[in-house]
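Spelled out from the first residue to the last, the chains are:
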Amino acid sequence: MKQFVSSSILILFSVLISGTYGFTQTAPRRVIIDTDPGTDDAMAIILALNSPEFKVEALTVVPGNVNAQQGLENALKIVSLAGRCDVTVMGGAQHPLNQKLITAQFWHGKNGLANVELPPTKCKADPRFAPDFIVEMVHKYPHEITLIPVGPLTNIALAVSKDPSIVALVKDIVIMGGSITGGNVNGAAEANIYNDPEAAQIVFNAGWIVTMVGSDVGERTLITRKYLAQLQASHGPQNDFIAKIADFYLTRSEKSGYSGAAMYDPLAVGIALDPTLGTLEEMHVDVETKGEFTRGETVANRRGSNENNVLHGDHYEIEGVVELNPNSKVCLASDADRFLQLFVSRIRGK
C-alpha cells in the first residue's frame, strides 16, 4: 500500500509539472527541412536540431541563397557542427524549374554562411535524390511528416508532381515564403517564391493547406543587438557559430537601414514548433508567374471569393461571386519577443 501511494504521488507530481510548464508526453514530430543554407537557414536548422519537439529526419537541399553544391556542403557542415550525423542530408534539384538561379551572397556572404569557415564535415551526404526521398518518407510515415521548406519550393514541387498522393499523407507543411504586403526582392515578390514561381504555384495548389510565413512578418520579427548580446554571453560550438552569423547578418541589415535582421527562416521553424507564435488566417493564395512587375508575387484573396463576370452580348456583367476554398493559413503577425526569447534560449541550450 505504501509503495502504491508513493507511486501515485510521483505520477500526480509529474502531471502537475507537465501542466505547469506546458510539456506533453507525446513523441517528437518528424520533420524534413528543405533548405538553401544561407545565414537565416543556418539559424533555423540549429533551432530545429535543438528543439526536443522535433525529430529532424533530414535536410534536403535546394539551390537558392547559394548554388546546390555549396548548399549541400553548408548543410553537411552544420549538422556536423551540431554532432548530428544521424540527420540525413542530401541534394535535390540543381536549378529552378523554368528559369535561371538567382543566388544571394550579397546578403549571406560568399559561402552563404557569413564567411564563417566551419570545420570540415564528419557527415556524409546521402546519394538519393531529395524529391524521391520526400516521397519515400511520407509513405513510410503517413500523417507523421511535417515539411518545413525555407528555400525555393523546387524540391517540394518535384515531389508532389512525381507522386500527388503524398499531399493527403503529409501531416503539415510550413513554408517560409511569400508576402501579402509587398516583396523583399522588389515591390511585389519575396525571394524564395521569386526564385521559382512555377514551383510555388504547384505547391500552393497541390490540395493541402500551406502555412505561409512570409517576408512581411519576418521583417517585423527582428533579431537586434539586445538578443545578439544574449547569444554572445554564452559559448559553445553551435552558440558561437550562430552568434557570428547573426552579427554578420545584423550588420548587413543595419547598413541597409534596418534596425535589426529579419528572422525569416527561424520564424517558420518557430511557428512549426508552436503555431501560437503567429496569427494565422485562412486564405486562398495564388502565385503570379507571368507579370512583368509581379512575377513571383503571392496573391492572397482576403474576401474568399471572386466576382463572377458573365458575358452579355458585347460586355460582361457581374452575377454574384465564385467562392474560393482556402489553400493556405497565412501568418499575419508574430509574437516577436516570445519567439526571439525561445530562439536565444534554444541556441544557448537553456
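The rules behind each value
- Residues numbered from 1 in each chain as written.
- Predicted model: local features only at pLDDT ≥ 70, side-chain atom pairs only at ≥ 80, totals over all residues.
- Heavy atoms only, no water.
- Pairing = 2+ DSSP bridges.
- Helix = DSSP H or I, 4+ residues; strand = E, 2+ residues; numbered from the N terminus.
- Axes fitted to C-alpha atoms, helices over the stretch in contact; angles between N-to-C directions.
- Phe/Tyr/Trp six-rings, centres within 6.5 Å; stacked < 30°, edge-to-face > 60°.
- Buried < 20%, exposed > 50% of the residue type's maximum accessible area, 1.4 Å probe, protein only.
- Lys NZ or Arg CZ within 6 Å of the ring centre and 35° of its normal.
- Parallel < 35°, antiparallel > 145°, perpendicular 65-115°, else oblique.
- Left-handed = near helix turned anticlockwise from the far one by under 90°.
- Contact = heavy atoms within 4.5 Å.
- Nonpolar A, V, L, I, M, F, W, Y, C, P; charged D, E, K, R; others polar.

Peer 1: Can you walk me through the sheet that holds strand 9 (residues 278-287) in this structure?
Peer 2: Paired through backbone hydrogen bonds, the strands of a sheet run either parallel or antiparallel to each other. Taken in spatial order, the nine strands of this open sheet run 3-2-1-4-5-6-13-9-10, and their pairing is mixed. Only two strands of the sheet have a single neighbouring strand rather than two, namely strand 3 (88-91) and strand 10 (298-301). Between one strand axis and the next, the sheet turns through 30 degrees on average, direction left out of account. By the bridge criterion, two bridges tie strand 4 (residues 145-149) to strand 5 (residues 172-176) in an arrangement that is parallel. Bridge pairing in strand 5 links Leu 147 to Ile 173.

Peer 1: Would you mind going over the packing of aromatic side chains with me for this structure?
Peer 2: Under the criterion given, the structure shown has two aromatic pairs. Where Phe 106 meets Trp 107, the ring centres are 5.1 Å apart and the plane angle is 90 degrees; that geometry is what we call edge-to-face. Relative accessible area serves as the criterion here: at 53%, Phe 106 is assigned to the exposed category. Look at Trp 107 and you get partly exposed, because its relative accessible area is 33%. In this structure, Arg 30 is placed above the aromatic ring of Tyr 141, and the distance from its NZ or CZ to the ring centre is 3.7 Å. A cation over a ring is seen here: Arg 252 above Trp 107, with NZ or CZ 5.1 Å from the ring centre.

Peer 1: Could you clarify how one ought to interpret the pairing of strand 5 in this entry?
Peer 2: The side chains of a regular strand alternate between both faces of the sheet. Counting buried residues along strand 5, four of its five residues qualify, which places the element largely inside the surrounding structure. Of the strand pairs in this sheet, strand 5 and strand 6 (residues 210-213) are connected by four bridges, and their pairing is parallel. Bridged to Ile 173 within strand 6 is Val 210.

Peer 1: Help me out: how do you make sense of the packing of helix 10 (residues 225-232) against helix 11 (residues 237-255) in this one?
Peer 2: Geometry of a packed helix pair, given as the angle between the helix axes and the separation of the axes. One can describe the packing of helix 10 onto helix 11 by two numbers: an axis separation of 9 Å at closest approach and a directional angle of 160 degrees. Regarding the angle of helix 10 to helix 11, the classification is roughly antiparallel. Judged by the sense of rotation from one axis to the other, the crossing of helix 10 with helix 11 is left-handed. Only Asn 239, Ile 242, Ala 243, Ala 246, Asp 247, Leu 250, Thr 251 and Glu 254 of helix 11 make contact with helix 10, whose side of the interface consists of Arg 225, Leu 228, Leu 231 and Gln 232. Here the residues of the contact of helix 10 with helix 11 sort into six nonpolar, three polar and three charged.

Peer 1: Looking at this structure, how should I read the packing of helix 5 (residues 130-140) against helix 6 (residues 154-162)?
Peer 2: In the contact formed by helix 5 and helix 6, the axes pass within 8 Å of each other and the chain directions differ by 60 degrees. Between helix 5 and helix 6, the angle is such that the two are oblique. As for the relative orientation of helix 5 and helix 6, their crossing is right-handed in sense. Contacts between helix 5 and helix 6 involve Ala 130, Pro 131, Asp 132, Ile 134 and Val 135 on the former and, on the latter, Asn 155, Ile 156, Leu 158, Ala 159 and Lys 162.

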